[in-house]
Amino acid sequence: MTSNTNKLFAGEEYHDHFNPIQYLALKEKYWEEDRQFNELLYNFVEKGYIKGGRLLELGGGPCINRLIPLLKISTEIVFAEYTESSRIEVQKWLDKDESSYDWSRHFKHMANLQDNGDTWEDLEKEMREKMKDVVFGDVLQENPMSPKSFGEFDTIMTASVLESACSDQKSYQSCVNMLASLLKPGGTIIQWGRLGGSFYKVGDRKSVV
């Protein structure tokens, strides 16, 4: 019999087995990786590669840090996530709940990088003002935010989602087509992930990647 600690979880199993608190506890371990990615995004923004406007985060888990470099060019943010537990963590941060994860280190880094007079508190306030919705999102659906609909976006961010949700190349292509259908002409899809891996571990749980 295979134990839960050796089983790879995917799809609907995330609802029962993904622990956002344990996942967030890993953020300190991967600070350098997060820092490098946000600096890369910031440089893309500065060079005009990403135009901004309406931003969709599709499958962000309990994390908001990847959105910080895009704040100044975004007019509004929709945060769509599959698991309710992760959506709760994001909403807690928006509501300034004392038990929410402390993202200040990430905001401070971006404030120092931008060096335009905005404080890290200014950036936090801007994030809270621009994040209009935290909703359910399923990349395997034609309308991933169903029954809600938000129209087209200028920028779509997805992090290690398609690799986890799709079981084969056909379903992966369908997800890519779905993302393209949500994108305005000339818009940008930002896909973040890791190459060469088959799973990631949170606590004693392994999940497909």
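About the thresholds
- Residues numbered from 1 in each chain as written.
- Predicted model: local features only at pLDDT ≥ 70, side-chain atom pairs only at ≥ 80, totals over all residues.
- Heavy atoms only, no water.
- Helix = DSSP H or I, 4+ residues; strand = E, 2+ residues; numbered from the N terminus.
- Buried < 20%, exposed > 50% of the residue type's maximum accessible area, 1.4 Å probe, protein only.
- Contact = heavy atoms within 4.5 Å.
- Areas by Shrake-Rupley, 256 points an atom, 1.4 Å probe, with all protein chains shown as cover.
- Core = buried A, V, L, I, M, F, W, Y, C linked by side-chain atoms within 4.5 Å.

A few points about the overall build of the chain
Check the secondary structure of the chain and you find 8 helices and 8 strands. The buried share of the chain, reckoned over its 209 residues, is 48%. Across the chain, the fraction of contacts at a sequence separation of at least 24, relative to all contacts at a separation of at least 6, is 72%. On the chain, roughly 10,800 Å² of surface is accessible, and the fraction owed to carbon and sulfur atoms is 48%.

Focus: helix H4 (residues 84-94)
For H4, every residue scored as buried is listed here: Ser86, Arg87, Glu89, Val90, Lys92, Trp93 and Leu94. Where H4 is buried, its residues touch helix H2 (20-25), strand S3 (74-81), helix H5 (104-114), helix H6 (120-130) and strand S4 (131-136).

Here's the deal with the nonpolar core
Among the nonpolar cores identified, the biggest contains 34 residues, and Ile64, Leu70, Trp103, Phe107, Met127 and Met131 are the most heavily contacted of them. For this core, the element with the most residues is helix H3 (residues 31-46), which contributes 4 residues. The residues contacting leucine 70, other than those within four sequence positions of it, are Leu41, Val45, Ile50, Leu55, Met157 and Ile190. Residues Ala80, Val139, Leu162 and Leu179 belong to the second largest nonpolar core, which totals 18 residues.

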